[in-house]
Amino acid sequence: MSKVKNAAEVATLIKNGAIVAVNSSSGLCCPDAVLAAIGQRYRIEGAPRGLTTIHPIAAGDMFGTKGVDHLAQPGLIRKIIGGSYPSGPSSAEPPLIWQMLGRNEIAAYNVPSGVLFDILREGAALRPGVLTKVGMETFVDPEQEGCAMNDAAKGEPIVFRQNFAGEDWLYFPSIRPDVAIIRASTADERGNLTFEHEGAYLGAMELALAGHNSGGIVIAQVKRIAKSGTLKPHDVRVPGILVDYIVEAPEQLQTTATPYDPAISGELFRPLDSFRLPEFDVAKVIARRVARELQPGWAVNIGFGISANVPRILLEEGRHGDVTWVIEQGAVGGIPLLDFKFGCSSNAEAFVASPHQFAYFQAAGFDASLLSFLQIDKDGSVNVSKLTARPHVTAGAGGFVDITSRARKIVFSGYFNAAAKLSIADGKLVVEREGKIAKIVDKVEQVSFSGKRAVAQGQDVTYVTERCVMKLMPEGLMVTEIAPGVDLQAHILDQAQTPLLISSDLKVMDSALFQPGSESEGQQKRDAA
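Source: prediction; values computed, not measured.

## What to know about the confidence of the model for the chain
Here is step 1 of the chain: Of the residues in the chain, 98% have a pLDDT of 70 or more, and the chain-wide mean is 95.
Here is step 2 of the chain: In the model, residues 524–529 has pLDDT below 50 throughout and makes two contacts with residues more than four positions away in sequence or in other chains.

## Let's talk about the state of the cysteines
Here is step 1 of the chain: A full pass over the atoms with the stated rule returns zero disulfides.
Here is step 2 of the chain: Not part of a disulfide, Cys344 finds its nearest cysteine sulfur in Cys29, a span of 8.2 Å.
Here is step 3 of the chain: Note on Cys344: relative accessible area 1%, which makes it buried.

## Things to note about the pairing of strand E3 (residues 51–55)
Here is step 1 of the chain: Buried residues dominate E3, accounting for five of its five residues.
Here is step 2 of the chain: What you see with E3 is no split at all: Leu51, Thr53 and His55 on one side and Thr52 and Ile54 on the other are buried throughout.
Here is step 3 of the chain: Here three bridges tie strand E2 (residues 19–22) to E3, and the two strands are oriented parallel to one another. Bridge pairing in E3 links Ala21 to Ile54.
Here is step 4 of the chain: What joins E2 to E3 is helix H2 (residues 32–45), and the crossover it makes is right-handed.
Here is step 5 of the chain: Examined bridge by bridge, E3 and strand E4 (residues 77–82) share five bridges and lie parallel to one another. By the bridge assignment for E4, Thr53 is matched with Ile80.

## A word on the sheet that holds strand E13 (residues 224–226)
Here is step 1 of the chain: Taken in spatial order, the four strands of this open sheet run E13-E10-E11-E14, and their pairing is mixed. In the strand order of this sheet, the two ends are held by E13 and strand E14 (236–238), each with one partner.
Here is step 2 of the chain: As paired elements, strand E11 (residues 193–194) and E14 share two bridges and run antiparallel to each other. When the bridges of E14 are listed, Thr194 appears paired with Val236.

## Quick look at the sheet that holds E4
For sheets, the rule is that strands pair by backbone hydrogen bonds, running either parallel or antiparallel.
Here is step 1 of the chain: Here we have eight strands laid out as an open sheet, ordered E1-E15-E12-E9-E2-E3-E4-E5, and parallel in their pairing. Edge positions in the sheet fall to strand E1 (4–5) and strand E5 (107–110), since each of these pairs with one other strand and no more.
Here is step 2 of the chain: Of the strands in this sheet, E2, strand E9 (179–183), strand E12 (217–222) and strand E15 (245–248) touch H2, which is tilted by about 120° from E12.
Here is step 3 of the chain: Relative to the sheet, helix H4 (residues 113–124) contacts E2, E3 and E4, its axis offset from that of E3 by approximately 120°.

## Considering the packing of H4 against helix H6 (residues 204–213)
Two quantities define a packed helix pair, namely the angle between the helix axes and the distance between the axes.
Here is step 1 of the chain: Look at H4 against H6: their axes get within 8 Å of each other, and the N-to-C directions meet at 40°. With respect to H6, the element H4 is oriented oblique. The two elements H4 and H6 cross, and the hand of that crossing is left-handed. Touching Phe117, Leu120 and Ala124 of H4 are Leu207, Leu209, Ala210 and Asn213, all from H6.

## Description of the packing of aromatic side chains
The description of an aromatic ring pair uses the distance of the two centres, along with the angle that the planes make with each other.
Here is step 1 of the chain: Considering all chains together, one arrives at 12 aromatic pairs under this definition.
Here is step 2 of the chain: Both rings, one in Phe117 and one in Phe358, keep their centres 6.2 Å apart while their planes meet at 35°; by these two values the pair is tilted. A residue pair is termed long-range when its members are at least 10 positions apart, and Phe117 in helix H4 and Phe358 in helix H9 (residues 354–362) qualify at 241 residues. Across the pair, exposure class does not vary: Phe117 and Phe358 are buried alike.
Here is step 3 of the chain: Their ring planes at 35° and their centres at 6.0 Å tell us that Phe400 and Phe412 sit as a pair that is tilted. A residue pair is termed long-range when its members are at least 10 positions apart, and Phe400 in helix H10 (residues 400–404) and Phe412 in strand E25 (residues 409–413) qualify at 12 residues. In terms of burial, Phe400 and Phe412 fall into one category: buried.
Here is step 4 of the chain: Members of the aromatic cluster, connected to one another through ring pairs, are Phe117, Phe358, Tyr360, Phe361 and Phe366.
Here is step 5 of the chain: The ring centre of Tyr260 lies 5.0 Å from the NZ or CZ of Lys223, which sits over that ring.

Here is what the cut-offs are and how they apply
Residues numbered from 1 in each chain as written. Predicted model: local features only at pLDDT ≥ 70, side-chain atom pairs only at ≥ 80, totals over all residues. Heavy atoms only, no water. pLDDT = per-residue confidence, 0-100. Contact = heavy atoms within 4.5 Å. Disulfide = S-S within 2.5 Å. Buried < 20%, exposed > 50% of the residue type's maximum accessible area, 1.4 Å probe, protein only. Helix = DSSP H or I, 4+ residues; strand = E, 2+ residues; numbered from the N terminus. Pairing = 2+ DSSP bridges. Right-handed = clockwise from strand over helix to strand, strands pointing away. Axes fitted to C-alpha atoms, helices over the stretch in contact; angles between N-to-C directions. Parallel < 35°, antiparallel > 145°, perpendicular 65-115°, else oblique. Left-handed = near helix turned anticlockwise from the far one by under 90°. Phe/Tyr/Trp six-rings, centres within 6.5 Å; stacked < 30°, edge-to-face > 60°. Lys NZ or Arg CZ within 6 Å of the ring centre and 35° of its normal.

Right, here's the structure in full:
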């Protein structure tokens, strides 16, 4: 019996009340055609109803890949458990899924992406669940919010505090999906899957195992179908014995707005001079200062935001290759990409499965992480996951909690406050108008990273902004450097909603950071003078 079906046919196989796990990262590896067919069936037939959907990383985005928004219809989803959610600019209309969870029409949870992969893996092996320290003393912890994103979720807890061998742990019961929906590049007629045109594997194998071993069905969307026996066994990442149905979608995008780029899938290595370098502005100054925290030979994780430009800073300064970049979607090495292609890398050295990458992160196998912030509070805690005024601006926590839970060194970067008018003149920062929204606050709206826990664990935490650098100390936040042209009292202390400590050895940030051209060029000019 052929495993090949069209999207409409596989949509009819999903039963009311099913638990459906989806492998995706925004537009990367998103099985959008299958999700669209499920949504279309519901509009016509009113089925399937009452689904629980699981997305370790967001399925879809706000820029052309709808993903989970195909399913965001009243009655179709009852519960959603996501590591992250579609996100975009504050000026845009929120995605339908955000509107539904905001109205409490569905129970919604934000679980660390790596932990979600762990939960599915434990379900695949018929083990009872996950004991982890990831998320303790953050919004993940039931002593705070227990991952619940709305009131509808609070009545159905999915995480518990558990004492085991004399220690407190977070316990997540395992989940056994009825349906797993994954995506690859090629399937042969037996369902063997290869990923030669993809920028990542994400958790395709883990979701397929979970769906199969739970007695459910595994649906694979692919770009093309090959004859049985023609795929090289070393290229097969998910064997056909785990795949029940194949849906051919020849027009599937490699990632949002990218039909196909061989450099993303590692089939071509781009010349280094083909990468766009950031223009000289305040954000570049911050990224330059962040880059100075790195040491040659390090493996460094990178997140979305200002820090995403640090690889290009190293490229411009002739330091490309000093560090190896590692991102949660699975790429190791190369140059992480920006905008619609975030989560992909060009010229990568290797692709590993996201669950393996998260195991690496959760145990602090890497050297440093470069991340952003929405808010920082007096304890050094950071919020990246909740902005009540416009919730869809943040995707939720994603892998942030997995990455920061034990990381040896973390560098957070961002603007000191929101919407300030800033410029640079004569090697100095100019604050033309202060922002109206403080980002250094007494208490963050949601604890995505616990400063108190970081101090207890001895983590090295630095916060880089355009006007100062701060360090997390046992006593609180300490200003260690200020930008040239900045007034400590007026531009820093008065703009923070919580008292800041001042280093007894307060330094001025290197003026070279505030000069156009590469820092190496600036140093050559200074040497010549």
